[in-house]
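# A closer look at the structure
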Amino acid sequence: MSAEFGGPSGLRGRLTQWLRGSGSTEAAGDGGREALLLAAAGAGLPLAPAAHPAAGYGCSCDRVGCPTPARHPISFAWQTQSTTDRAQIERWARHQPQANFITATGMTHDVLDVPLEAGREALERLLGAGIEVGPVAESDDGRLLFFTLTRGTPEDEDEWWPCELDCHPETMDEHPGLRWHCRGSYVLVPPARLPGDDGHSVHWVRGPEHPLPDPLTLLETLTDACARHAGQDQASTAWPLRR
């Protein structure tokens, strides 16, 4: 069920009202939002309810100065709560029609999260090279999310492969380039609404019907693209100082 499914008048078109922030029961009740959530769960992505935008750039959690408005789980028990159970997800979706949803990483899948322009370049290169690319989501706050198989969760902690790219919810700002969401992290799963009055969202570029690839088949291309774009940004910033 990719982003192109049904064309402008199909599933994506039916989601337009909800993604633009109405959050109404009527918009959610047309089956579009629920169908996309169930498709993600059917692909093995465990889901849990998340906060949603409120009052412009606010958050439904009502926390003063919420650092991640509309981007965090509702429950502190989100890791154990996350599920692919169809009946549970249907209940959540129907009883919480405005809620976003997160997917917990490090269970069945990881997410390689890169700046938008670098991600678009990398995606074009990967597809052009005939490399299998799995689901990809675009976040209108400037990120592209590549969903992959997880590295695994060995029982022996000494066997866990540490990675300086690992990203957790509390360390997001420390990783402006490539972020690797694995065990203990999460990302918003489409369809999700972002704060603001401009209708920003998280939406599929390649839907969850695409099989999850090994992250290492994507990593080199993604890191190269991120390094190239970071270099371009540094050069453009430094140029006025050299004059």
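Okay, so let's go over this structure. These numbers come from a predicted model, not from an experiment.

## Quick word on the overall build of the protein chain
If you tally the helices and strands in the protein chain, you get seven helices and 12 strands. Within the span of the protein chain, comprising 243 residues, buried residues form 49% of the whole. Sequence separation of at least 24 residues holds for 73% of the intrachain contacts in the protein chain that already meet a minimum separation of 6. Accessible area of the protein chain: about 12000 Å², with a carbon and sulfur share of 52%.

## Focus on helix α5 (residues 86–95)
An α-helical turn contains 3.6 residues, so a residue and the one three or four places further along point in the same direction. For α5, every residue scored as buried is listed here: Ile 89, Glu 90, Trp 92 and Ala 93. The buried residues of α5 all sit within an arc of 165° when viewed along its axis, so they share a single face. The exposed residues of α5 that point more than 90 degrees off its buried face are Arg 94 and His 95. On the buried face of α5, the contacting elements are α3 (32–42), β1 (47–50), α4 (78–81) and β4 (100–104).

## Here we look at the pattern of salt bridges
If you walk through the whole model with that rule in mind, you get nine salt bridges. Across the salt bridge formed by Asp 141 and Arg 71, the nearest N and O atoms sit 3.3 Å from each other. Here Asp 141, found in the loop between β6 (136–139) and β7 (143–149), pairs with Arg 71, found in the loop between β3 (58–59) and α4; they are 70 residues apart in sequence, far enough to count as distant. A salt bridge links Arg 120 to Glu 117; its shortest N-O distance comes to 3.2 Å.

## Observations regarding the nonpolar core
Counting residues in hydrophobic clusters, the biggest one holds 29 residues, and the most contacted among them are Leu 47, Phe 147, Val 189 and Trp 204. Looking at this core, the elements with two or more residues in it are α3, β1, α5, β4, β7, β10 (186–189) and β12 (201–206). It is α3 that contributes the most residues to this core, five residues altogether. Counting 19 residues, the second largest nonpolar core, distinct from the first, contains Ala 122, Val 133, Leu 178 and Ala 225.

## Describing the pairing of strand β5 (residues 109–115)
With six of seven residues buried, β5 is to be regarded as a mostly interior element. Sheet analysis places β5 next to β7, joined by seven bridges and oriented antiparallel. Within β7, the residue paired with Asp 113 across the bridge is Leu 145. Of the strand pairs in this sheet, β5 and strand β9 (residues 179–181) are connected by three bridges, and their pairing is antiparallel. Paired with Asp 113 across the two strands is Arg 179, which belongs to β9.

Parameters and conventions
Residues numbered from 1 in each chain as written. Predicted model: local features only at pLDDT ≥ 70, side-chain atom pairs only at ≥ 80, totals over all residues. Heavy atoms only, no water. Helix = DSSP H or I, 4+ residues; strand = E, 2+ residues; numbered from the N terminus. Buried < 20%, exposed > 50% of the residue type's maximum accessible area, 1.4 Å probe, protein only. Contact = heavy atoms within 4.5 Å. Areas by Shrake-Rupley, 256 points an atom, 1.4 Å probe, with all protein chains shown as cover. Arc of directions from axis to C-beta. Salt bridge = Lys/Arg side-chain N within 4 Å of Asp/Glu carboxyl O. Core = buried A, V, L, I, M, F, W, Y, C linked by side-chain atoms within 4.5 Å. Pairing = 2+ DSSP bridges.

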